[in-house]
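These are the residues of each chain, in order.
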Amino acid sequence: GPGPRQQCKRCWLFNCQCICSPPTPPAVLHAFPHRTLVYLHVLEFGRQSNTGALVAAAFPPPQSGIFVAGLEEHEQAFQRELARNPTRTFVLFPSQDSVTLDEFVRRASTQPPTSPQ
């Protein structure tokens, strides 16, 4: 079997540190009805320091997805996911333009509703 110093293929931690078992209970998965997408740099894929893999370990597909930047198939799939529901899609990324959730809600509440197209 896999040794304790080999990496888990799902959470990317060493097998002796793997967090994939036990799986997230169905009640928790049902209580979190969101789909979480992780978009990461190709050099981050498979790294133990990448916390994005923890999302997929806690909320396995189809509630999550990992997309690698620069891989054409992943880029297209990621764009399709973002387009599925653009008014209810949030991108979490630290930058100078980032806003808090409270600020986002405040701004959204002052904008007129958009009509479906």
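Structural notes, computed from the coordinates. Fair warning: this is a prediction, and the values are worked out from it, not measured in the lab.

About the thresholds
- Residues numbered from 1 in each chain as written.
- Predicted model: local features only at pLDDT ≥ 70, side-chain atom pairs only at ≥ 80, totals over all residues.
- Heavy atoms only, no water.
- Helix = DSSP H or I, 4+ residues; strand = E, 2+ residues; numbered from the N terminus.
- Salt bridge = Lys/Arg side-chain N within 4 Å of Asp/Glu carboxyl O.
- Buried < 20%, exposed > 50% of the residue type's maximum accessible area, 1.4 Å probe, protein only.
- Pairing = 2+ DSSP bridges.
- Right-handed = clockwise from strand over helix to strand, strands pointing away.

### Things to note about unusual backbone geometry
Across the chain, the bulk of peptide bonds are trans and the bulk of non-glycine residues have phi less than zero.
Item 1. Cis geometry is found at the peptide bond from Pro 61 to Pro 62, where omega equals 15 degrees.
Item 2. In this structure, Pro 62 sits in the loop between helix H2 (52–58) and strand S2 (64–68).

### Things to note about the pattern of salt bridges
Item 1. Going through the model one piece at a time under the given rule, you end up with four salt bridges.
Item 2. Here Glu 81 makes a salt bridge to Arg 35, at a shortest N to O gap of 3.2 Å. Taken together, the residues span a long stretch of sequence, with Glu 81 in helix H3 (residues 72–84) and Arg 35 in the loop between helix H1 (26–31) and strand S1 (36–40) at a distance of 46 residues.
Item 3. Overall, Glu 81 belongs to the buried group, its relative accessible area being 18%.
Item 4. Of the charged contacts, one joins Glu 81 and Arg 84 as a salt bridge, the two residues approaching to 3.0 Å between their closest N and O atoms. Taken together, the residues Glu 81 and Arg 84, both in helix H3 and three residues apart, mark about one turn of the helix.
Item 5. Put simply, Arg 35, Glu 81 and Arg 84 are held in one network by salt bridges that share partners.

### Re the pairing of S1
Item 1. Pairing of S1 with S2 involves five bridges; the strand directions are parallel. What sits directly across from Thr 36, in S2, is Ser 64.
Item 2. After leaving S1, the chain enters H2 and then returns to the sheet as S2, a path that is right-handed.

None of the figures reported here should be taken as evidence of function without further support.
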